[in-house]
Amino acid sequence: MRKLLEIADVCEWIPQKAGKLGAWLIVPLIIVIMYDITTRKLQFIQQAVLNSPLYEYISPTKLQEWEWHLHTALFLLALGYAYVNNAHVRVDLIREKCKDRTQAWIEFFGIILALFPYCIVIGIISMRFIELAYTSNEISQSMTGLSQRWIIKSFLLIGLFLALLAGISTLLRHIVYLFGPAHLRDDVPMNMLTSAESAHLPRIEDEDLNREDDDPIVTSS
Amino acid sequence: MYFEDFLPVIMFAMLACGLFTGFPVAFVVGGTGIAFGFIGMYFDVFSMIEFFNVPERIWGGAAENPVLVAVPCFIFMGTMLEKSGVAEDLLKILELLLKRVPGGLALAVTAMGTIMAATTGIIGASVVMMSLMALPAMLRAGYQKELATGTIAASATLGILIPPSIMLVIMADLLAISVGNLFIGAILPGLLLSSLYFIYIIVISALKPHIAPPIADDKMVDSKTLMLMVLKGFVPPVILIVMVLGSIFGGIATPTEAAGVGAFGSLMLAVFNGRLSISTLRDVAERTALTTGMIFFIFLGATTFSYVFRSLGGEHLIIAGVEYMDLHSWSLLVLLMFTIFILGFFFDFLEITLIILPVFAPIVELLDFGVHVEGRDIIYWFAILVAVNLQTSFLTPPFGFALFYLKGVAPKIVKMQHIYKGIIPFVMLQLIGLGSVMAFPGLALYLPSVLLS
Amino acid sequence: SDAEARTRWKVHSAFGSKIFVIGPGIYNVSKAVEKMSEGDFIMKPFEPGALVPGTKYFDAVSTGSIDAAWGTPGYDTHKNFAYAFYSAVPFGPRGGEYLAWMRHGGGQEIAEEMYARDNIKYYLCNLIAPESSGWFRKEIKSTADLKGLKMRFFGLGAKVMEKFGVSTQLLAGGDIYPALELGTIDATEFSMPAIDKDLGFYQIAKHNYFPGWHQQSTLGSLIANMDKVKALPEGQQEMLEQACQAQVMRSFAESEGFQHQAMAFHQTKGVTIHRWSQDILDELEAKWQEVIAAEIADSEDAKKIWASYSEFREGYAIWKDHGYLK
Ligand code: NA
Ligand code: NA
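Residues numbered from 1 in each chain as written. Chains lettered and ligands numbered in written order. Predicted model: local features only at pLDDT ≥ 70, side-chain atom pairs only at ≥ 80, totals over all residues. Heavy atoms only, no water.

**Observations regarding the overall build of chain B**
Which entries qualify depends on this criterion: Labels follow the DSSP assignment, with helices taken as runs of H or I lasting at least four residues and strands as runs of E lasting at least two, numbered in each case from the N terminus. Only C-alpha atoms enter the radius of gyration; for comparison, a globular chain is expected to reach 2.2 Å times N to the power 0.38, where N is the number of residues. We call two residues contacting when some pair of their heavy atoms lies within 4.5 Å. In this description, accessible areas are obtained by the Shrake-Rupley approach with a 1.4 Å probe, and a residue is regarded as covered only by the protein chains that are shown.
Counting secondary structure elements, chain B contains 20 helices and zero strands. A compact globule built from 453 residues should have a C-alpha radius of gyration of about 22 Å, and chain B, at 22 Å, falls within 12% of that. Referenced to the eigenvectors of the C-alpha coordinate spread, the extents of chain B come out at roughly 75 × 50 × 45 Å. Residue pairs in contact within chain B that sit at least 24 positions apart in sequence constitute 79% of those at least 6 positions apart. Per element, the accessible surface of chain B, about 14,500 Å² overall, is 70% carbon and sulfur.

**Points about the packing of aromatic side chains**
Where we set the bar: Each Phe, Tyr or Trp ring, with Trp reduced to its six-membered ring, pairs with another whose centre is within 6.5 Å; inter-plane angles below 30 degrees give stacked pairs, above 60 give edge-to-face pairs, and intermediate values give tilted ones. Using a 1.4 Å probe on the protein chains alone, a residue whose accessible area is under 20% of its type maximum counts as buried, one over 50% counts as exposed, and one in between counts as partly exposed. Two thresholds decide whether a charge sits over a ring: the Lys NZ or Arg CZ must be within 6 Å of the ring centre and within 35 degrees of the ring normal.
Following the criterion strictly, the structure yields 60 aromatic pairs over all chains and no others. Look at Phe399 of chain B and Phe401 of chain B: their rings are 5.2 Å apart centre to centre, the planes differ by 85 degrees, and that puts the pair in the edge-to-face class. Both residues of the pair, Phe399 of chain B and Phe401 of chain B, count as buried. In this structure an aromatic cluster arises from ring pairing among Phe58, Phe81, Tyr83, Phe85, Tyr86, Tyr98, Trp101, Tyr115, Tyr122, Trp306 and Tyr309 of chain C. Residue placement shows Lys44 of chain C over the ring face of Phe46 of chain C; its charged tip is 4.9 Å from the ring centre.

**Section: the layout of surface pockets**
Residues and elements named next belong to chain C. Condition: Here a cavity denotes a set of grid points, spaced 1 Å apart and computed over the protein atoms alone, in which a 1.4 Å probe fits but from which it cannot get out, and a pocket denotes an open set meeting protein on both sides within 12 Å along at least five of seven lines; residues with an atom within 4 Å of a point are reported as lining. Grid points are joined across faces, edges and corners, and a volume is the space filled by probe spheres set on the points. Basically, the charged four are Asp, Glu, Lys and Arg, the nonpolar ten are Ala, Val, Leu, Ile, Met, Phe, Trp, Tyr, Cys and Pro, and anything else, Gly included, counts as polar.
Put simply, the second largest pocket is a space of about 1,300 Å³. What lines the second largest pocket is a set of 43 residues, among which Gly92, Pro93, Arg94, Gln216 and Lys320 lie closest to the centre. Only helix 3 (95-104), helix 9 (234-257), helix 10 (259-268), helix 11 (278-296) and helix 12 (300-323) provide two or more residues apiece to the lining of the second largest pocket. For the lining of the second largest pocket, the residue count by class is 20 nonpolar, 11 polar and 12 charged.

**Focus on the coordination of the sodium ion (ligand 2)**
Residues and elements named next belong to chain B. The cut-off we apply is this: Listed donors are limited to N, O and S atoms within 2.8 Å of the metal, widened to 3.2 Å for Na, K and Ca; water is not among them, so incomplete-looking sites are possible.
Surrounding the sodium ion (ligand 2) are the protein donor atoms Gly344 (O), Ser393 (O), Thr396 (O), Thr396 (OG1) and Phe399 (O), which sit 2.1 to 2.7 Å from the metal. Mapped onto the sequence, the donors of the sodium ion (ligand 2) take the spacing G-x48-S-x2-T-x2-F. Pair noted here: Gly344 is in the loop between helix 15 (329-343) and helix 16 (349-365) and Thr396 is in the loop between helix 17 (378-393) and helix 18 (401-409), with a separation of 52 residues, a long-range link. Neither Gly344 nor Thr396 differs from the other in exposure class; each is buried.

**Here we look at helix 4 (residues 70-83) of chain B**
Residues and elements named next belong to chain B. Test applied: Expected span of a helix, by definition, is 1.5 Å for each gap between consecutive residues, and there is one gap fewer than residues.
The first and last C-alpha atoms of helix 4 sit 20 Å apart over 14 residues, in line with the 20 Å expected at 1.5 Å per residue. Where burial is concerned, most of helix 4 is hidden: 13 out of the 14 residues are buried. Just downstream of helix 4, Gly85 is the residue with a positive phi angle, here 80 degrees.

**With respect to the confidence of the model for chain A**
Interpretation of the predicted coordinates at a detailed level should be avoided for regions scoring low in pLDDT. The condition is simple: One number per residue, pLDDT, summarises how confident the predictor is, and it ranges from 0 to 100.
Residues with a pLDDT of 70 or more make up 87% of chain A, whose mean pLDDT is 84. When the criterion is pLDDT under 50, residues 195-221 of chain A qualifies, and its contacts beyond four places in sequence or with other chains add up to 58 contacts.

**Quick look at a negative patch on the surface**
Note the threshold: Put simply, a patch holds well-exposed residues, over 30% relative accessible area, that have no salt bridge, with like charges counted together within 9 Å and Val, Leu, Ile, Met, Phe, Trp or Tyr side chains within 5 Å. The term salt bridge refers to a side-chain nitrogen of Lys or Arg lying within 4 Å of a carboxyl oxygen of Asp or Glu. Residues scored as charged are limited to Lys and Arg (positive) and Asp and Glu (negative), so that His and the chain ends carry no count. Charge positions come from single atoms, namely NZ of Lys, CZ of Arg, CG of Asp or CD of Glu.
A cluster of acidic residues, Asp279, Asp282, Glu283 and Glu285 of chain C, forms a negative patch at the surface. The class for Glu285 of chain C is partly exposed, based on a relative accessible area of 31%.

**Digging into the nonpolar core**
Heads up, the rule is: Here, the term nonpolar core denotes a set of buried Ala, Val, Leu, Ile, Met, Phe, Trp, Tyr and Cys residues that are joined through side-chain atoms within 4.5 Å.
Counting residues in hydrophobic clusters, the biggest one holds 342 residues, and the most contacted among them are Phe399, Phe404 and Tyr405 of chain B together with Trp9, Met43 and Leu222 of chain C. Once residues within four sequence positions are removed from consideration, Phe399 of chain B is found in contact with Leu15, Leu19, Val25, Val29, Ile298, Ala302, Gly344, Phe345, Phe346, Ser393 and Phe404 of chain B.

**Points about the sheet that holds strand 4 (residues 120-128) of chain C**
Residues and elements named next belong to chain C. Selection rule: Pairing between two strands is assigned when DSSP locates at least 2 bridges connecting them. Here an axis means a line fitted to C-alpha atoms, over the contact stretch when the element is a helix, while the angle between two N-to-C directions is reported on a 0 to 180 degree scale.
Strand order in this open sheet of five strands is 2-1-3-10-4, and the pairing throughout is mixed. Two strands in the sheet have a free side with no partner beyond their single neighbour: strand 2 (41-46) and strand 4. The average angle at which neighbouring strand axes cross in this sheet is 25 degrees, direction not considered. Pairing of strand 3 (residues 68-71) with strand 10 (residues 218-225), which is carried by four bridges, proceeds in the antiparallel orientation. If you follow Trp70 over to strand 10, its bridge partner there is Leu222.

**Things to note about the packing of helix 9 (residues 166-175) of chain B against helix 17 of chain B**
Residues and elements named next belong to chain B. Note the cut-off: Here is the rule for angles: anything less than 35 degrees is roughly parallel, anything more than 145 is roughly antiparallel, 65 through 115 is roughly perpendicular, and the remaining ranges are oblique. Here is the rule for handedness: rotate from the far helix to the near one, and if that takes an anticlockwise turn smaller than a right angle the crossing is left-handed, while a clockwise turn gives right-handed.
Two elements in contact, helix 9 and helix 17, have axes whose closest approach is 11 Å; the angle formed by their N-to-C orientations is 140 degrees. Accordingly, the angle class assigned to the pair helix 9 and helix 17 is oblique. The two elements helix 9 and helix 17 meet at a crossing, and its hand is right-handed. Contacts between helix 9 and helix 17 involve Met167, Leu168, Met171 and Leu175 from the first element and Ile379, Ala383, Val386, Ala387 and Leu390 from the second. Class assignment of the residues belonging to the contact of helix 9 with helix 17 gives a composition of nine nonpolar, no polar and no charged.

Here is the structure:
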């Protein structure tokens with residue numbers, strides 16, 4: 001059982017790292033946009049680029065394609081990252097009133113019946129999608145954009161795989177929590193339980209808020 | 001009829017049940033889609049290869065869709081403003097300035113939503129940005145959670161109605177009508193809704209001051225201090241909004257690119273405030289990634305669900321249902337509006353437009369509304385009615401995108417029940433707005449007739 | 001007829017059903033096929049985005065996740081650049097000459113062979129009149145005025161424009177209209193006057209240029225999954241073929257028939273209709289020759305098509321120069 005928890009940690013580490021790395025893509029995204037609109041007004045720069053070898057890399061059309069490439073890689077790398085940090089939104093009307101154990105059962109079945117089938121079915125079918133892009137050496141539909149579409153399309157598979165890993169990690173923890181020996185239960189970091197919210201979740205800090213609130217403020221573990 | 005003809009109906013029921021388990025929305029909606037694909041295979045009305053269309057839809061809808069680049073940018077902007085304290089300073093000042101007006105802070109949020117609506121037509125971006133900036137301040141000021149979340153969700157979705165709006169562009173394309181006419185036609189209905197929110201907030205805050213508490217006397221400051229605070233706290237965000245709006249209306253950037261300008265501007269403000277460090281930047285970038293991942297996984301799931309629903313004949317079921325009623329003119333129009341409203345509980349705007357517009361727009365176009373609306377104007381009037389209705393679909397539980405995005409970034413003390421409860425009065429206002437545009441077609445038709453003649 | 005024996009196809013359309021000529025085209029084809037087969041072969045058209053996004057249908061047809069798609073080979077160039085020749089060629093032929101090359105100059109065989117590699121059956125299924133050269137906010141008096149112009153332009157024509165210092169933009173569909181309105185871009189290419197009219201470009205750009213050198217006539221296609229086609233009875237295969245041929249004639253007549261009213265309408269709205277001077281056209285064509293020479297260099301398919309196309313046009317020239325009034 002403790003072994004399961006160790007595997008869970010590894011499975012969580014990968015989407016965590018991928019998401020955090022992917023998060024930095026926002027910086028080049030902003031830079032590309034700013035460069036594109038600035039040089040659109042400063043035509044002499046664009047004209048200089050147009051007549052230089054740089055044109056192959058930074059024509060306006062290519063830059064505008066770089067924008068969605070960066071955006072796509074960013075959000076696909078974050079799919080699993082968001083789950084291990086419990087950032088995926090839930091309709092918690094009923095769930096919050098349930099006992100921790102019931103919540104754990106919901107998560108257990110949800111992962112097996114919804115998350116796994118989704119990631120596996122769409123993941124497998126996306127392999128064909130990527131393969132077709134690779135074998136045809138797919139390029140931009142505009143013909144003057146970026147080439148090698150298979151690279152960015154591969155991020156779909158990567159993203160779904162990261163979400164699958166996040167699901168495996170959470171499932172293993174829930175297995176230990178539900179079926180494991182009592183002494184191990186306390187060692188299980190149950191991010192997905194509302195009474196033990198993940199401590200490293202970066203969002204608006206609850207403690208900043210009005211203390212006179214009639215709802216009991218949930219303390220971070 | 002066979003059992004399998006009703007699979008789309010059962011799909012709805014399963015989705016609703018699944019949502020209420022509290023398992024993440026994105027996985028529930030996607031998982032329901034996959035499950036019913038397999039059930040469809042069992043009944044021989046779906047085939048495995050059809051799932052191949054899902055990656056294509058994800059690709060065209062979310063990835064290779066340049067408009068959505070605005071989403072991470074605006075989220076970054078909102079997060080950075082919140083993190084660097086700019087948003088807080090701004091709202092503190094608004095609070096002080098608006099202390100004599102009931103619900104002043106909520107009014108400020110509505111005004112901000114209306115202004116931001118002119119910069120983006122992407123719901124995910126505006127809801128998240130507004131929530132990050134305004135929700136903590138409202139809660140800290142002691143606002144009732146329902147009122148705070150309802151105000152934010154409703155004002156932030158104005159962006160889909162007030163131009164520029166990707167929804168209006170898609171509708172114009174489907175109907176082969178002028179984008180310009182639709183853009184201009186949507187302005188008055190958008191402002192009407194915004195005014196309705198204003199009136200509601202003022203009335204409810206006057207009637208129940210405890211849900212929108214006015215500022216306590218001991219927090220009052222003298223006018224000199226206030227002036228300084230205004231300079232320090234008001235000017236930077238105003239510069240930012242001017243940058244974003246100015247880059248669009250000055251012809252420097254497209255609305256999509258203006259989101260990048262906003263993100264860049266928020267970074268610069270943090271630099272000037274001396275609050276930018278690598279760790280702040282990392283924190284903001286990671287938060288942006290979390291929120292972006294949350295939003296797009298919902299898209300991934302929803303596009304799967306909608307595809308399977310359509311493939312199982314759900315679209316046909318809806319159309320057959322409406323046609324079976326065999327109604328004309330006003331009753332058909334009202335039935336269509338009702339259908340769109342109900343579909344809005346479960347689908348996003350794109351799927352609803354694809355189900356309703358191609359089939360019913362040509363029929364509505366030929367209806368006779370007498371002198372109420374002239375023949376050639378009917379299609380524009382109808383399009384605006386659909387647009388107002390679709391804006392509402394972002395707000396209606398259980399499957400309301402705006403509500404999910406808000407919940408995704410809200411503090412933990414804000415529960416889905418607060419959000420669901422808080423949105424009800426605003427959905428009522430939406431219906432009043434919709435009814436007004438039906439009763440007074442001039443709201444949709446007057447501006448285009450004057451400006452584009 | 002027996003319901004079990006019926007064939008039902010899901011057909012994606014790259015164009016909204018209301019878009020002039022190119023939208024209703026697939027409905028004409030599907031109605032014709034349904035009537036000819038007396039209801040045994042039903043092709044159900046779907047709006048762009050209903051099954052797959054507008055222009056992203058190639059892989060779906062190839063794998064068979066949709067049965068067929070209505071579009072134009074210009075949307076397939078991401079798979080093979082040479083498909084561009086089957087949509088429109090800059091400084092290309094008029095409708096009659098284009099069809100002549102396709103049917104009697106070897107064009108169609110090469111297209112069929114190329115699509116067949118990806119398990120796709122190609123039908124030439126639509127033909128439309130020239131496009132406008134674009135909507136400009138300012139008058140263009142010489143190619144010098146093009147320098148520094150920000151123009152939304154898609155496809156190979158974009159490379160020609162870039163040679164004149166045009167900064168070609170690839171804006172999102174929804175951004176084009178506001179960008180043109182607010183001056184973020186100075187010009188956009190779009191479609192035929194009858195389509196442009198519906199989209200309201202006359203409201204914001206007052207200079208409409210002709211001729212559309214980048215698209216003198218445009219071929220449309222119906223592509224279908226090869227296995228699905230082979231599974232059809234021979235009679236139904238023939239119906240598909242005939243329905244497409246009928247649609248080529250119908251679309252050509254329709255697209256020729258309704259441009260002049262649209263242009264007259266634009267004029268009443270204060271639009272100036274311009275014709276590029278011969279000097280400008282000559283300069284554009286010279287640059288086009290440079291672009292195409294470079295482009296075909298690394299594509300065997302493109303070389304083969306270009307050879308066939310050029311050979312036919314050279315032979316045809318004597319007929320064109322003498323058979324027709326200038
Ligand atoms: Na907007
Ligand atoms: Na809804």
